[in-house]
Amino acid sequence: MTDPIYRQLGQQAYEPTIQKMVELVSADDFKEEIWFLSHPPVYTLGTAANKEHILNPRDIEVIQTDRGGEVTYHGPGQLVIYFLIDIKEIKLGPKALVQKLQELISSILGHYDIESNFIEGAPGVYVEGKKIASIGLRISQGKTYHGISINVDMDLTPFSFINPCGYEGLEVTQIKNYDSNVKMKDVESIAQQEISKIFV
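Report on the accompanying structure. Note that residues are indexed from 1 along each chain, following the sequence as it is written. Where local features are concerned, this predicted model is filtered to residues with pLDDT of at least 70; where side-chain atom pairs are given and counted, the filter is 80 or more; whole-chain, interface and lining totals use all residues. Where side-chain values are given, they derive from all heavy atoms of the structure, hydrogens and water being excluded.

As for the pattern of salt bridges
Moving on, step 1. What counts as a salt bridge is simple: a side-chain nitrogen of Lys or Arg found within 4 Å of a carboxyl oxygen of Asp or Glu. Applying the stated criterion across every chain yields a total of four salt bridges.
Moving on, step 2. A salt bridge links arginine 7 to glutamate 33, with the nearest nitrogen and oxygen atoms 2.8 Å apart. Here arginine 7 is found in strand β1 (residues 5-11), whereas its partner glutamate 33 is found in strand β2 (residues 33-38), with 26 residues between them in sequence.
Moving on, step 3. Per-residue accessibility, obtained with a 1.4 Å probe over protein chains only, is compared with the maximum for each type, and a residue is labelled buried under 20%, exposed over 50%, and partly exposed between these values. With a relative accessible area of 6%, glutamate 33 lands in the buried category.
Moving on, step 4. We note a salt bridge from glutamate 194 to lysine 197, for which the minimum N-O separation is 3.2 Å. Of the two residues, glutamate 194 and lysine 197 both sit in helix α3 (residues 184-198), three residues apart, roughly one turn of that helix.
Moving on, step 5. Accessibility expressed as a relative area gives 7% for glutamate 194, which makes it buried. Note on conventions: DSSP H or I runs of at least 4 residues are helices, E runs of at least 2 residues are strands, and numbering of each starts at the N terminus.

Regarding helix α2 (residues 94-110)
Moving on, step 1. In this analysis, the expected span of each helix is defined as 1.5 Å times one less than the number of residues it contains. Given a rise of 1.5 Å per residue, 17 residues ought to cover 24 Å, and the 24 Å separating the end C-alpha atoms of α2 matches this to within 8%.
Moving on, step 2. Listing the buried residues of α2 in full gives Leu97, Leu101, Gln102, Leu104, Ile105, Ser107, Ile108 and Leu109.
Moving on, step 3. The elements touched by buried residues of α2 are β6 (78-86), β7 (117-119), β8 (122-127), β9 (130-140), β10 (143-151) and α3. Residue contacts follow a heavy-atom distance rule, with two residues in contact if any of their heavy atoms lie within 4.5 Å.

Considering the sheet that holds β7
Moving on, step 1. Here seven strands make up an open sheet; going across it, the order is β1-β2-β6-β10-β9-β8-β7 and the pairing mixed. Where the open sheet ends on each side, the last strands, each with one partner, are β1 and β7. Strand-to-strand, the axes of this sheet are offset by a mean angle of 20°, without reference to chain direction.
Moving on, step 2. Relative to β2, β1 runs parallel, the two being bridged by six bridges. For isoleucine 5, the partnering residue across the bridge sits in β2 and is glutamate 33.
Moving on, step 3. The sheet strands contacting α2 are β6, β7, β8, β9 and β10, and the helix crosses β9 at an angle near 145°. Two strands make a pair as long as DSSP finds a minimum of two bridges between them. Geometry is summarised by axes, namely lines fitted to C-alpha atoms with helices restricted to the contacting stretch, and by angles between N-to-C directions that run from 0 to 180 degrees.

Regarding the pairing of strand β5 (residues 71-74)
Moving on, step 1. Side chains Val71 and Tyr73 project from β5 onto one buried face, and the interleaved Thr72 and His74 project onto a second face that is buried too.
Moving on, step 2. Bridge analysis of strand β3 (residues 42-45) against β5 gives four bridges, and the strand direction is antiparallel. Each residue of the ladder has a partner; that of tyrosine 43, found in β5, is tyrosine 73.

Description of the packing of α2 against α3
Moving on, step 1. Packing of α2 against α3 leaves a shortest axis separation of 9 Å and a crossing angle of 135°. In terms of orientation, α2 lies oblique with respect to α3. Taken as a pair, α2 and α3 cross one another with a handedness that is right-handed. Where α2 abuts α3, its residues Lys100, Glu103, Leu104, Ser107 and Ile108 lie against Val187, Ile190, Ala191, Glu194, Ile195 and Ile198.
Moving on, step 2. Three residue categories are used. Nonpolar comprises Ala, Val, Leu, Ile, Met, Phe, Trp, Tyr, Cys and Pro, charged comprises Asp, Glu, Lys and Arg, and polar comprises the others, including Gly. Residue composition of the contact of α2 with α3, grouped by class: seven nonpolar, one polar and three charged. In these notes the angle categories are as follows: under 35 degrees is roughly parallel, over 145 is roughly antiparallel, 65 to 115 is roughly perpendicular, and the rest is oblique. Should the near helix be turned counterclockwise from the far one by less than a right angle, the crossing is left-handed, whereas a clockwise turn marks it as right-handed.

Regarding the nonpolar core
Moving on, step 1. Side-chain atoms within 4.5 Å are what join buried Ala, Val, Leu, Ile, Met, Phe, Trp, Tyr and Cys residues into a set we call a nonpolar core. If you look at the biggest cluster of nonpolar residues, it comprises 34 residues, and the most contacted ones within it are Ile81, Phe83, Leu101, Ile148, Ile175 and Phe199.
Moving on, step 2. Looking at this core, the elements with two or more residues in it are β2, β6, α2, β8, β9, β10 and α3.
Moving on, step 3. Looking at this core element by element, the count peaks at six residues for α2.
Moving on, step 4. The residues touching isoleucine 148, leaving out its near neighbours within four places in the chain, are Leu79, Val80, Ile81, Phe83, Leu101, Leu104, Ile105, Ser134 and Ile135.
Moving on, step 5. Core analysis: the next-biggest nonpolar cluster, separate from the first, contains 13 residues, Tyr14, Met21, Val80 and Leu84 among them.

The following block contains the structure:
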C-alpha cells in the first residue's frame, strides 16, 4: 500500500459519508485514503442482513447499506475506520484483507493489554466471548471501502435492541471496560501506527 492519506473526520452522518466513499473509489484520480470517524446513533444493514435481527430500533434510524455482513450499530464513542484502498495493488484477496483487519484490531487492543480472538465464519474480534469490533467491507473494481468499527467508550445499550451481526444473544464489550482511562484520540493514534506496520 502506498502512503495513504489519513483523515480525522470527527462525527459524521452515515449516509453522506458512504456516498462520499463511493464517489472517491469511482474517481479516475483515485488515491488511497483511511478515515477515522464516528457516527451519530444508527443501525446499518449489510447486503446479507435479515431485518428480523432488528428487534426494537426505538428511535434510532435504520439504514440499508452496500457493505457485506449483517446488522450492526454505530454511535458516539465507537471508532470507525474506513479503508479506501486498492487491494489489487497490494495483492490482497477479500479473505486475506479481512484477516489483516482482524490482526490490526487485535494489535490495537494489545496496547491496552486486552487479549482477543477470532471466530471462524464470524468476521470481527472478540474478547472473552463478547464482540468488541466489527468488520464490513465492499469491494468494487479492485478497490475497497467501508471498514471496521471498534467499541471504545460508548453506550452499549442499543446493541441489546438487535441481534448483533445476526447472532441472537451475542454480547458486546468495549475498551473502556478494560481501561477506564481510554481516550478516543489515543486509540486513533495507535491505530494509525499499527496500520503502517500491518499494511506493508
